[in-house]
Every structure is written in C-alpha cells, then in structure tokens.
Amino acid sequence: MIGQTISHYRIVEKLGGGGMGVVYKAEDTRLDRFVALKFLPPDVAQDRQALERFRREAKAASALNHPNICTIYDVGEDDGHAFIAMELLEGQTLQRRIAAKPVPLEEVLDLGIQIADALDSAHAKGIVHRDIKPGNIFLTERGQVKILDFGLAKKTRPKIAEVGAATISLSEEHLTTPGAALGTIAYMSPEQARGEELDVRTDLFSFGAVLYEMSTGRPPFSGGTSALIFHAILALAPISPISVNPGLPSELDRITNKALEKDRDLRYQIASEMRSDLKRLKRSMESRGNASALPFVGQPGSTGETVGRQSAAAPVRLAPRHWPIALGGIITLLLVAGALLWFTKRPAPGLPDIVQRQLTTNSSEKAVSGGAISRDGKYLAYTDPNGIHVKLLETGETQTTPQPEAFRGKSVTWDVVPTWVNDTRFIATAFVPGDRPSIWTVSAMAVAPRKLRDDAYAWSVSWNGSMIAFTTNPGRFGNREIWLMSSDGEQARKLDEADSNTGVFRVEWSPDDQRVAYGKFDGQVQTIGIESRDLKGGPAVTMLSEPRLRDFLWLPDGRMIYSLAELPPNESSCNFWEGPIDVHTSKPLAKARRLTAWAGFCMNWMSATTDAKRLTFQRWYFQDGVELAEVDNGGTHLSNVHRLTVSEDHAYPVGWTADSRAVVFGSFRNGQVRVFKQSLDADTADPVETGPGDANDPQVSSDGSWVLYHTAPKDGRTQVMRVPMAGGPPQLVFVAPDRLNWLCCARSPATICAVAERAPDGKQLVFTAFDPLQGRGRLLTNFDVDPSAQYAWNLSADGSRISIVKQPDDRIHIVPLDGSARREIRVRSWTGLTSAVWASDGKGLFVGADVSGGRALLYVDLNGNPSLLWQQKERGSPVPVWGVPSPDGRHLAIHESTQNGNMWMVENF
C-alpha cells in the first residue's frame, strides 16, 4: 500500500502489524501533518458486523481527550479499506522498554501513575480497554505514556482460541488471540479468561500485570501453552514481585498484589484509587529519599528527623501491660496494620544469604507472644496462652513449665527475657490480672519457676550472666525507671529515670557489660530511639533517633541489630538493619545497612546465641475488622454474627447512619485513616471522608448528618472537623488543645455532642459540649483521673449520662450531666473492663473486657448483671473489643481484632 492514497491520507511507510491490524505512517494532505493509519486485518475487513463495531468503538475512543491516550483524528472507509487515523507517535512501546529487565523504580512509578490516570479518564467515559498490555502502551521520546487501541481489541470478530492445541511462544505478542475471551492471554483477568461480563476492574487487573512486568522484567503469568497460562491466571498466585526483585519497596508489592486479586471484589475498584496509592508511594520516596542505608545519629547526613509514623503496638512490649488502649487513642494503635501477606526468603542484592527456619507453628488462637534462644543454641524458651514452653531445637521435643504454686487457680501470662542466664536457666516476667508484674527465674528442666522480685519487668541478662536489667515505677506511658540486680535477685540499684512524658522499653547490655542501651518513647506513644548509659555514670548517649524502631539487640560481636517499620503507608511491614557500635562510647562506627527485604509482618523479641551465629525473633502480624450481629432479648443475646468488612484494610466501627441501615467505620487505607460507610446488605463500603491527613476518632453527629473527627496535633493544638455524611470537603468546627481525648454525640432527638480533654496536669477529664455547626459550648462536667492511666468513655443516646472506664478495671463510672449523684457499677465476676458503650435504650451497656486467652463483649444492666455476648479466644491484639449499637437497637457492630505470632530463627546474618 506504500504510495497509495486512502481518502486524503497518502501512505508513506509501514510501521508495524499484528493480529489486530496493520499500521502505516501517512500524510494528511488536508492538514499537512503526519498521522498513523490503522487498518483492520484482511480476514476481518469484509465482515459487515465487525466493520460496524469497528466504527462504533473508534468513535467512542475518539471522544477521549487525555494526554496519556493516543488521540484519534478520524475513522472512515475508502475503496473497501476501513481505517482509523490517529496521532503519530515517536518512541517505543513499553514492551520494548522492558525488554525482559526490570524498569528503574522511579520510572515504574511515573509510568504507572500516567497509565492509571489514563484508565481513570477512559473508565469515566464508560470505555473499558480490555487489552491493556505493554505492547499497547507507547512511550514517547519524552517519557510520556500513550495508551493505544482503546475499544478496538474487544470488538474484532470473535475467534475461539484453540486452548492448549499448540505450543505458543510468549514472544509472539504474548499470545494475542482474538476470541470469545478477548484480549491478550498473559494479561487477562480471571473473569475475562472465563468469558464473563466485564467492567473496569478487568483493566485494573491487566494494569497490575503490566506493573508487575515493569517491576520484575517478566509477566506474572506464563506457561508453554495458552492452557497453562489460563490455568495460572485462574488458579495460581503469581510469585510476589518483591520475591523476584527484592529491591522493590514493599508498598509497591502490596499495590501490585492487590491489583492482581483474582476476586474482583477484593481488587482495586477504580483506577483513581490505584493512582493515589502510586502517587503516595512516589511522594514518600521523594520526600525521604531512596537511600539503601539509614545513618545512626551523629553520622554525616543524619539529621534525626522523623521519617515515619510509629505504630503504637510496636515494640510489642512498649511497657509492661500499660498499653495506651483508650478508645481515644485507637487510631494510633490501628496504624499497626497487619494483614498477613507473605514473606520472601531471598535477600536484597548484595546482602548475606540468610538462612531462615520456623521454630513454632502456633495458630492465632494460641499465638506465641515471645521467646528466647539459649546461649548455646540448643533450646528455645517461648510463651503462649498456655504458659512457658522449652523446646529442644535438635529434636523438636517440647515440655511445658509447671505453674508456680502461688498462681494455682489464677490466670497468668508470661514474657520470656530474650537473654538466658546460662545454658539451662532463663528469666521471665509474670502477669496476673489486677497485680503488678513479677520477675521469676526458670529452669529448662520441668520444674516450677522461682520468684526473684515483685513490681518489676525484666528485659535482659548481661552477657556474662551475672546481672539482670529491669524496669519499674509505671508512669502515664509505661515504666520510667531502669534498675539492675544480680541474677539471683539481690543487690538491686537504680540506674536511670525517665521524665513523666517518656516511657522506657527494651533494655539491652553492651558486649562488655559496662553499658546498657534502652529504647524510649514519648507521650504520643512514638518511639524516640535508642539511648545508652555507662554503668559508672555520666550522661546518656543517643545511639539512634528513629520513630520506626520496633526492637533491637546489641550482639556480643559489637553489632546493633534492629527492626524498622517500612515508610508510610506500609508500617505493617518491618525489616532487619544492622550497624557496628563502639562498645566504649556507644557511637556508630559505620553506616547502618539493611539486611532483609521482607513484607507483610513485623519482628520483635530478638535473642541471639553467645557466638552471635543464630538469632531468633517473634514474627507477628495484626488484623482487625467489623463484625455485625443481631441483638435479641433486650440486648442479652446476639445472633447471626458475621463479618461485615471483607477488605484486608484495618477497620473499626464508630457509628451508624440515622436510619440504622449502614455502619460507619474508620479504616486505615492507603497510608491514612479514612471514614467509610457500608450498608448491611452490601459487600463493599463507600467513602465518606477523603480530605487531607488522618480522620482521627471519627464519630457520627446526633442527627446522622455529619461525621466528626479531629486532626493530628500540631503546634500544641488539634482541629475538630466535620464532613457531610453524603461526602464532601471537610470543614472546621473548632480548635482544641492536643490533650483532646475523644468525641462523642448523643442520638436524635437529643442534639448534644461532647468532647473530653485532659487537664494540663493530667488529673482530670474535662467534658465540654459542642455543636457540629456552632462549635464549642458549655462545660458539662469534670472527672478525676489517674495521670498514669488511660480511660474510655461514652455518651448515652439521650445525652443525659456519661459512662467512664479506667482501662482495665472492674468498675464502670456513671456520671449524670444534670449534677445528680454519680454511681459505680461493679460487673459481677468480671475484671479487665476496657470499654462501656450505652445501649440505644439507655437500660444497659455493651462492655468490652480482657479475659484469659482473649477478649469478651458483655451486656451489663445498670445493676451490674452481665451477659456474655461474644468472646474472642486468643491473646495478642493490643486493641480492645467494643460494640456500637444501631439507633433502632436491632444490630450491633463489633470491633474484632487478632494478632498472630510465631518464633523464627535466622543464621548467617
């Protein structure tokens, strides 16, 4: 056809061709410009139905006006040749750019954002591409994405693929096969492969496959025949991208895996959501850099700047049983995230070949809470809800340590100190509800532990086995004092004391036992970093300033091994880092380096053998969501309990719509706390609040018109915001001090809302009324509190009373707002209360409680008579259970959470 003129286009040269058409470079003789001219394949060109679909889809594609979509100028037919005229592009296809090699990360994100934006524009016009693949994505010489062939591939004449009839090479345009299951086989969605009705989510799956190939250099699904590829798409999970290319950030791994979900209800639902995730990851990397090493404080380039948000559930033992679990602080705790994804066994390039071994295989019902390897590496001591266990690693033989006589008939939990005293003896801390912790010495043999000290929490044993470091004197944010004593519990002396706004965790010994290092966290329950002190005195030395710190261990060979959470929004994943430390000064000797490239879990409770050749750790993850139940018998019984939220994102109920037909819940998604609502008969949720920043402690206004929340403290103040329940931009209600504790509203016809703030000295909760439209109002009441404790409270549906619970306790305080006498409700036979939410009729409360081996939800009448409604039989999650009743009292939304953990070991690290 070279030299021919079709309509007013003179064909200059052939640019390429394939099963879906032939493309030529042509000159537009009317406008004096060059265009690309595409013709239908000869075997389709004479099909009248195919021609009609061709024209109709070309017109639809021409309606798209987006910089990342190839512009269509004209569609026509001349002398039996149907054609499409489009802009002529210079550059290369993404398929050629990849060329079986990973694309640089910065380019992956840039191209991915452009592709997502183009798909979002097309989908908004009702156009589904159905053949997104690297060969249909063009990159101009300036790096601009241009998506080709919108609507064309899905409308060519149907040809049923002869599945499995022949061996097909992936180099043949990745098995482009026009047929009933239209598209390119290697990039088809499962529903596309099954020939089902398609929607925009099929493009997002194919986009996920493209993102996978850009990141790894290979497609996610492959096989020698089309049948094998179909089988992989329909039944097999692809190797996770970070396993193929360990240098990828775990957040990109998460985005790609979510896009490749086989169940389209669990996949990304709209392209703009995927684009936002990619943009957020790109911004995070640009703002914090993409360095492969994180410097210790004092090194060149180290500023001590906060580079990530700390989840309050890590380190797992922020302070002995002094978790900040008030409902007012729940958002921070939820940042733990913890949906279990997977983890890779391959290290990043250039890292040691770390050998891993799983040491325990407990289910979430009896999650392992910690453990320690013996100095010689023969034994593992670990704890779970059934007590302390000692495992002989060579044979796997395990024995359970008998409980002390003092604990007979009591509920007790244990924490093992990560360092053993010697090859046969270790230290553990015991917890009994209502009592302060106590320290015990434990033998590897099957004999009962012996108590060493009361009112203390043990952290570590010196490397020579002679001294124990422990903490005591609980403050508002955990234990404040560091003490030392001999391994037999004698000669105790105080080494250091933190101020009232700081807590201490994880006290470790230097290799020469002349110093101790300890982690610190502040009043926002955020890790400050690691400090060190000489046993002979002198000022504290800052070893590491890092809010992402989860745990650390100072090894006998001088290295500091520590686990860090990944940068937002991927705090649920952690990795190991190491840095050499000067034993005498605690100063870093070189730049820290990353040891692992794992995803989907965090690591705590590290311990090591004396020769530093083996390291054990607790690998854990956290997940929570919303359960829904029907309320029967005046609130004393639940039926039809089932999961409402199905997303892997963390969700927690905060209220209901006014008609009782939808639950309003907060959720940690895409790196931020957002607010959603989900109808009782729906499988997916609708966003309510989409403003910048986190929507902390969301609540529903009395009439159900507004969602109220507060922003993160800044410059000593927080902003209380409102957003319409129907969605819309956030609006300021009033400004409060950063001591704001919680928001709560009554229900129509009552109109009152209340906010609680800590007094400056921390000794009172001050309750003030406010109106969602008018702002702050009158003082309601005060309530005396313990500055070191956390409290949960709730406003009754009629706005007349407040319930208050000190966490944990055996009493519920009832505070009338009319000035009448206050009273206490003691719940019969129950302790460890953590929440008390009023029933819709005001005749009782839904009460959360910590119990041995799990958590429980009760209905308690105003005389203290309890009815057990629901129980979660597992230990682990630091977040309490609570229930939120619907306005009509017929349903209850329950916050359910789980944390699983097991002990693992690595060698050659």
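The preceding data block contains the structure.
Let me sum up the structure you'll find in this document. (Residues numbered from 1 in each chain as written. Predicted model: local features only at pLDDT ≥ 70, side-chain atom pairs only at ≥ 80, totals over all residues. Heavy atoms only, no water.)

### Some details on the overall build of the protein
Inference 1: The helix and strand tally for the protein stands at 11 helices and 55 strands.
Inference 2: Counting every position in the protein, which comprises 909 residues, the buried fraction comes to 60%.
Inference 3: Carbon and sulfur atoms provide 47% of the accessible area of the protein, an area that totals close to 34,400 Å². (Helix = DSSP H or I, 4+ residues; strand = E, 2+ residues; numbered from the N terminus. Buried < 20%, exposed > 50% of the residue type's maximum accessible area, 1.4 Å probe, protein only. Areas by Shrake-Rupley, 256 points an atom, 1.4 Å probe, with all protein chains shown as cover.)

### Here's the deal with the packing of aromatic side chains
Inference 1: Counting across every chain of the model gives 21 aromatic pairs.
Inference 2: Centre to centre, the rings of F767 and W793 are 5.0 Å apart; their planes meet at 85°, and the pair counts as edge-to-face. One end of the pair, F767, is in strand β44 (residues 764-771); the other, W793, is in strand β46 (residues 790-795), with 26 residues separating them in the sequence.
Inference 3: Ring pairs connect the aromatic residues Y9, Y24, F39 and F83, which therefore count as one cluster.
Inference 4: Just above the ring of Y268 sits the side chain of K258; from NZ or CZ to the centre is 4.7 Å.
Inference 5: Just above the ring of W483 sits the side chain of R453; from NZ or CZ to the centre is 5.6 Å. (Phe/Tyr/Trp six-rings, centres within 6.5 Å; stacked < 30°, edge-to-face > 60°. Lys NZ or Arg CZ within 6 Å of the ring centre and 35° of its normal.)

### Focus on the sheet that holds strand β7 (residues 91-93)
Backbone-to-backbone hydrogen bonds pair the strands of a sheet. The strands run either parallel or antiparallel.
Inference 1: Taken together, three strands build an open sheet; the order of strands is β7-β8-β9 and the sheet is antiparallel. Of all the strands in the sheet, the pair left with one neighbour each is β7 and β9 (145-147). This sheet shows a mean twist of 25° between the axes of neighbouring strands, independent of strand direction.
Inference 2: Strand contacts of helix α4 (residues 105-124): β8 (137-140) and β9, with the helix running at about 35° to β9, the strand carrying the most contacts. (Pairing = 2+ DSSP bridges. Axes fitted to C-alpha atoms, helices over the stretch in contact; angles between N-to-C directions. Contact = heavy atoms within 4.5 Å.)

### Side note on the state of the cysteines
A covalent bond bridging the sulfur atoms of two cysteines is what the word disulfide describes.
Inference 1: Scanning all chains against the criterion turns up two disulfides.
Inference 2: Each disulfide pairs two cysteine sulfurs, and for C574 the partner residue is C602, the sulfurs being separated by 1.8 Å. With the S-S bond torsion at 60°, the cross-link from C574 to C602 turns out right-handed. Linking C574 in strand β29 (residues 574-580) with C602 in strand β31 (residues 602-608), this pair joins segments that are 28 residues apart in sequence.
Inference 3: Taking the relative accessible area as the measure of exposure, C574 reaches 0% and is therefore buried.
Inference 4: Residue classification places C602 among the buried positions, given a relative accessible area of 1%. (Disulfide = S-S within 2.5 Å.)

### So, unusual backbone geometry
Where the residue is not glycine, phi is negative for most of them; where a peptide bond is considered, it is trans in most cases.
Inference 1: Between S748 and the following residue, P749, the backbone shows a cis peptide bond with an omega angle of 15°.
Inference 2: Checked against the element boundaries, P749 lands in the loop between β42 (740-745) and β43 (753-758).
Inference 3: The phi torsion at R130 lies on the positive side, around 75°, for a residue other than glycine.
Inference 4: Relative to the elements of secondary structure, R130 occurs in the loop between α4 and β8.
Inference 5: Judged by relative accessible area, R130 falls into the partly exposed class, the value being 23%.
Inference 6: A positive phi is found at N473, a non-glycine position, where the angle reads about 60°.
Inference 7: Within the secondary structure layout, N473 lies in strand β20 (residues 467-475).
Inference 8: Overall, N473 belongs to the partly exposed group, its relative accessible area being 26%.

### As for the side chain of S215
Inference 1: Here S215 shows up in helix α6 (residues 200-216).
Inference 2: What makes S215 buried here is its relative accessible area of 1%.
Inference 3: One polar contact links the side chain of S215 to the main-chain carbonyl oxygen of L211, over a distance of 2.8 Å.
Inference 4: Excluding residues within four positions of it along the chain, S215 makes contact with P102, V108, N245, L248 and L252. (Polar contact = N/O pair within 3.5 Å; in protein donor to acceptor, adjacent residues only side chain to side chain.)

### Points about the sheet that holds strand β27 (residues 549-554)
Inference 1: Judged by pairing direction, the sheet is antiparallel, and its four strands sit side by side in the order β27-β28-β29-β30 without closing on themselves. Two strands in the sheet have a free side with no partner beyond their single neighbour: β27 and β30 (593-594).
Inference 2: Pairing analysis gives seven bridges linking strand β28 (residues 559-565) to β29, with the strands arranged antiparallel. Within β29, the residue paired with A565 across the bridge is C574.

### Points about the pairing of strand β18 (residues 450-454)
Side-chain positions along a regular strand alternate between the two faces of the sheet.
Inference 1: The pairing of strand β17 (residues 438-443) with β18 spans four bridges and is antiparallel. Residue pairing across strands places S438 opposite D454, the latter belonging to β18.
Inference 2: Between β17 and β18, which pair antiparallel in sequence order, lie six residues.

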